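The chain contents come next:
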Amino acid sequence: VTAANTESTLQKPKNPRIKLDVSRMNADANIKLWDAIQHQLLPRPIDVWPCWSHNSLAQFREDGYTLMFRYDQRKEARSALSTLAGEFGQSVIYEY
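The following refers to the structure shown. Think of each chain on its own: its residues are numbered from 1, step by step along the sequence as written. Per-residue local features of the predicted model are confined to residues with pLDDT of at least 70, and side-chain atom pairs are confined, for both listing and counting, to 80 or more; whole-chain, interface and lining totals are unaffected and use all residues. Each side-chain value is derived from all of the structure's non-hydrogen atoms; neither hydrogens nor water enter the calculation.

### Here we look at the nonpolar core
Nonpolar side chains in soluble globular proteins tend to end up buried together.
For step 1, the next point in the chain: In this structure, Leu33, Ile37, Leu41, Tyr65, Leu67, Phe69 and Leu84 are the most contacted members of the largest nonpolar core, which totals 13 residues.
For step 2, the next point in the chain: Numbered from the N terminus, helices here are DSSP runs of H or I no shorter than four residues, and strands are runs of E no shorter than two. Put simply, the parts of the chain that give this core at least two residues each are α1 (22–39), β2 (60–68) and α2 (74–87).
For step 3, the next point in the chain: Here this core takes four residues from α2, the largest share from any one element. Here, the term nonpolar core denotes a set of buried Ala, Val, Leu, Ile, Met, Phe, Trp, Tyr and Cys residues that are joined through side-chain atoms within 4.5 Å. Under the scheme applied here, a residue whose accessible area is under 20% of the maximum for its type counts as buried, over 50% as exposed, and between as partly exposed, the area being computed with a 1.4 Å probe on protein chains only.

### A look at the packing of aromatic side chains
For step 1, the next point in the chain: Here is the rule: rings of Phe, Tyr and Trp (six-membered ring for Trp) pair when centre to centre is within 6.5 Å. Planes less than 30 degrees apart are stacked, more than 60 are edge-to-face, and the remainder are tilted. Tallying each qualifying case throughout the model produces one aromatic pair.
For step 2, the next point in the chain: Criterion for a charge above a ring: Lys NZ or Arg CZ within 6 Å of the ring centre, and within 35 degrees of the ring normal. The aromatic ring of Tyr71 is capped on one face by Arg74, whose charged end is 4.0 Å from the ring centroid.

### Quick look at the pairing of strand β1 (residues 47–55)
For a regular strand, side-chain orientation follows a simple rule: the groups alternate between the two sheet faces.
For step 1, the next point in the chain: Only strands that DSSP links by at least two bridges are regarded as paired with each other. The pairing of β1 with β2 spans nine bridges and is antiparallel. Across the sheet, Trp52 pairs through a bridge with Asp63, a residue of β2.

### So, unusual backbone geometry
For step 1, the next point in the chain: Cis geometry marks the peptide bond from Leu42 to Pro43, where omega comes out at 5°.
For step 2, the next point in the chain: By secondary structure assignment, the location of Pro43 is in the loop between α1 and β1.

### As for the side chain of Gln73
For step 1, the next point in the chain: Structurally, Gln73 can be placed in the loop between β2 and α2.
For step 2, the next point in the chain: Every residue pair with non-hydrogen atoms within 4.5 Å of one another is taken to be in contact. Excluding anything up to four places from it in sequence, Gln73 contacts Pro43 and Arg44.

### Details of α2
For step 1, the next point in the chain: What a helix is expected to span follows from its residue count: subtract one and scale by 1.5 Å. Its 14 residues give α2 an end-to-end C-alpha distance of 20 Å, which sits within 8% of 20 Å, the value for a rise of 1.5 Å per residue.
For step 2, the next point in the chain: If you check which residues of α2 are buried, you get Ala77, Ala80, Leu81, Leu84 and Ala85. Seen along its axis, α2 keeps its buried residues to an arc of 135°; they face one direction.
For step 3, the next point in the chain: A positive backbone phi angle near 75° is found at Gly89, which sits one or two residues after α2. Taken from the helix axis, the directions to the C-beta atoms give the arc we talk about.

### Some points on the pattern of salt bridges
For step 1, the next point in the chain: Each salt bridge in this description consists of a side-chain nitrogen of Lys or Arg and a carboxyl oxygen of Asp or Glu lying within 4 Å of one another. Applying the stated rule across the entire model yields two salt bridges.
For step 2, the next point in the chain: Across the pair Arg70 and Asp72 runs a salt bridge, and its minimum N-O distance is 2.8 Å.
For step 3, the next point in the chain: With a shortest N-O distance of 2.8 Å, Glu95 and Arg78 are connected by a salt bridge. With a gap of 17 residues between them, Glu95 in the segment after α2 and Arg78 in helix α2 connect regions that are remote in the sequence.
For step 4, the next point in the chain: You can call Glu95 exposed: its relative accessible area is 51%.

Right, here's the structure in full:
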């Protein structure tokens, strides 16, 4: 689950002198995501660790979290993660 949106999906400021700090926005969103994982997500994951992906064409790194759930909670976890991802503007989660 990631909390960042790429620059192309963010609303750009109308004033051209104002620059988007996508890295700062990513970090801020991940702090909020971490809080949501710890306090809102049910079922609770067994473990959570930081992860990241990189889009080499866009030269953009997206930080997020990998979560592990008990096998017998997979359906509930998938539903909860889909909802959480939607709250953070993500249309895709990766499941292994």
